[in-house]
Amino acid sequence: MIRYECDKSSLKKTLQNPFIKGFQNAAFLSGGTLISQVIGFVGFLFIARLLGPEKYGIYATVFAFVSFFHLFVLNGLSKIVVREGSRSESDLPSILEKTIGLRLFLIGTAFVLCVVSSFFTNYSPQVKVLIILFSTEVMYFGLDSFLGAIYQTKERMEYLSYFSVLTRILVAGFSILALYLGAGVGVILLVNVFFKGGVLCLNYFVSRKFARFRWNFKLHLDPSIMKPLLVFSLMGFINTFAVRIDILMISFLSTPTDVGLYSVAHEIGREGLMLRNVIAMAFFPIAVKYFAANKLKKHTLLLYGVGLAAVVFFGCVFIYYFGEDLVLLLFKQKYAASGSILKILVFYLPFTFFSLPFATCLQATHNESALLTVYSLTALTNIPLNIILFYRFGLIGIAYSTIIVFMVESLLILILFYTRFRKQGLLHP
């Protein structure tokens, strides 16, 4: 059986009841995320309605393009910080100092790639200027996720919620105000960058209560960090093709109006995906500590996975029957096509929730390389499947592709989990 060293005090605290502790973490994050998402949804609702499908399509294109370059920040570094820091919380400051130089280098690289790549697209000059204007958001993303690793490691998830809610209030509130004062897409993007930067500064000063680290600008390429960094980051990079790449592909294949129509359905569906990611974030440090000295009952995760999927599935059925009416009520007739897409698209969510416990435990026990193989296989099918189904069925074809990709991915993760955990002796008979 594989065992992992872990700080005794944090391990004892975790083993008292790991699942209850995990759900407490998830409750903090989910509560904050729910409030944050409600605020963000109100902002999204007003922005989409006031801009209209074409201008909102431009706004969504800029967001999708810049967000794609989040991948080059290699956010797997934050997961490594959490995993290593969870084993020995006293070592967290030194781990942060060892990795901050690399994080800053990756942020700079992602920013430059984003700006340079915009010149090689077929977008209009206006969209290219907006992309360059918004590209500094990559810096916010990289530093925010780095600081977030501190709260995850210390299991102070409430702070992640506080900053998320504050950011949404400021960005959504001032974006709506700007639109009513007659502002366009460019001003809304600047509002987004400005207030995210302000909250990031506050975040940094608060984080020093839990871990004080020096800004070490030296590029520290520790082999013990680089390998899992590349694996975790490639997982994020490849898994992005399942959802985020869809908007980007539509922007290349079709018109800004089509981007706007699909983006409305995509954003509503993504609310569920973000909740899934919050739960995974809450349980990751718990899983690391738990498997330091414990095995798992054979069918425990299967029950959790099925339970999560069932709850989400019933929510999707509700949206299937009432989603079109909901979209018409909130976004009016000009977004009617978004409702037809939404009622189908949401059915990828049960598969993502089903695979959540298995993927989290695989990452916590150094099985991320095998998980990368699964994500690679599904990513290889997503892009050509998007193109084929888009030309066969139109925008709804992108939704079909997403469902197929997540269904296959969840089944492969299930098989991988039981294969690996039996081999490593981490399951009770």
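Refer to the structure presented above.
Residues numbered from 1 in each chain as written. Predicted model: local features only at pLDDT ≥ 70, side-chain atom pairs only at ≥ 80, totals over all residues. Heavy atoms only, no water.

1. Considering the pattern of salt bridges
Let me state the cut-off plainly: The working definition used for a salt bridge is a side-chain nitrogen of Lys or Arg within 4 Å of a carboxyl oxygen of Asp or Glu. Secondary structure counts use DSSP, requiring at least four H or I residues in a row for a helix and at least two E residues in a row for a strand, with both numbered from the N terminus.
Tallied over the entire structure, the rule returns three salt bridges. As a salt-bridge pair, Lys 196 and Glu 137 come within 3.2 Å of each other at their nearest N and O atoms. Taken as a pair, Lys 196 in helix H8 (residues 185–207) and Glu 137 in helix H6 (residues 137–153) lie far apart in primary sequence, 59 residues in all. In this structure, the salt-bridge partner of Glu 324 is Lys 343, at a minimum N-O distance of 3.4 Å. Placement of the pair is Glu 324 in helix H12 (residues 300–331) and Lys 343 in helix H13 (residues 336–345), with a sequence separation of 19 residues.

2. Here's the deal with the packing of aromatic side chains
Here the distance between the centres and the angle between the planes together describe a pair of aromatic rings. Quick note on the threshold: In summary, the pairing rule links any two rings of Phe, Tyr or Trp, Trp by its six-membered ring, whose centres are within 6.5 Å, and it sorts them by plane angle into stacked for under 30 degrees, edge-to-face for over 60 and tilted for everything else. Only protein chains enter the accessibility calculation, which uses a 1.4 Å probe; a residue is then buried when its area is under 20% of its type maximum, exposed when over 50%, and partly exposed in between. Here, over-ring charges are defined by two tests on the NZ atom of lysine or the CZ atom of arginine: distance to the ring centre within 6 Å, and angle to the ring normal within 35 degrees.
Counted according to the given criterion, the structure contains 34 aromatic pairs. Here the aromatic rings of Phe 68 and Phe 69 are separated by 5.5 Å at their centres, their planes lie at 85°, and the arrangement is edge-to-face. Each of the two residues, Phe 68 as well as Phe 69, counts as buried. Residues Phe 174 and Phe 195 carry aromatic rings whose centres are separated by 4.6 Å and whose planes lie at 25° to one another, so their mutual orientation is stacked. Taken together, the residues span a long stretch of sequence, with Phe 174 in helix H7 (residues 157–180) and Phe 195 in helix H8 at a distance of 21 residues. Looking at Phe 174, the relative accessible area reads 39%, which means it is partly exposed. The ring centre of Tyr 320 lies 4.5 Å from the NZ or CZ of Lys 343, which sits over that ring. Over the ring of Phe 393 we find Arg 392; its NZ or CZ atom is 4.8 Å from the centre of that ring.

3. Observations regarding a nonpolar patch on the surface
Short version of the rule: The residues that make up patches have over 30% relative accessible area and no salt bridge, and they are joined within 9 Å when like-charged or within 5 Å when they are Val, Leu, Ile, Met, Phe, Trp or Tyr. Each accessible area is a Shrake-Rupley result for a 1.4 Å probe, and residues are judged covered by the shown protein chains and nothing else.
Where nonpolar side chains cluster on the molecular surface, the patch consists of Val 112, Val 116, Phe 119, Phe 120 and Ile 132 and spans about 510 Å² of accessible area. Within the element layout of this structure, Phe 119 appears in the loop between helix H4 (92–118) and helix H5 (125–134). Its relative accessible area of 53% is what places Phe 119 among the exposed residues.

4. Brief notes about H5
The test is simple: In this description, one arc is meant: the one made by directions from the helix axis to the C-beta atoms.
Where H5 is concerned, the buried positions are Val 127, Lys 128, Leu 130, Ile 131 and Phe 134. Buried residues of H5, seen end-on, are gathered within an arc of 160° and therefore sit on one face of the element. The exposed residues of H5 that point more than 90 degrees off its buried face are Pro 125 and Val 129.

5. A look at the side chain of Thr 121
For clarity, the cut-off: N or O atoms closer than or at 3.5 Å make up a polar contact, with two conditions inside protein: a donor-capable atom paired with an acceptor-capable one, and, for residues adjacent in sequence, both atoms drawn from side chains. Any two residues whose heavy atoms approach within 4.5 Å at even a single point are treated as in contact.
Of note, Thr 121 is situated in the loop between H4 and H5. Polar contacts involving the side chain of Thr 121 include one to the main-chain carbonyl oxygen of Ser 118, which spans 2.9 Å. Of note is the side chain of Thr 121, whose polar atom sits 3.4 Å from the backbone nitrogen of Tyr 123. Setting aside chain neighbours within four positions, we find Thr 121 in contact with Phe 65 and Lys 128.

6. Concerning the nonpolar core
In globular proteins that are soluble, nonpolar side chains generally tend to be buried together. What counts, and what does not: Note on terminology: a nonpolar core comprises buried Ala, Val, Leu, Ile, Met, Phe, Trp, Tyr and Cys residues joined through side-chain atoms within 4.5 Å.
By size, the foremost hydrophobic cluster in this structure holds 68 residues, and its most contacted members are Tyr 56, Tyr 262 and Phe 331. Here the element with the most residues in this core is helix H2 (residues 18–68); it accounts for 14 residues. If we ignore the near neighbours within four places in the chain, the residues touching Tyr 262 are Asp 246, Ile 247, Ile 250, Ile 341, Leu 345, Leu 395, Ile 398, Ala 399 and Thr 402. In terms of nonpolar packing, the next biggest core, distinct from the first, is built from 23 residues, Phe 163, Val 199, Phe 210 and Ala 211 among them.

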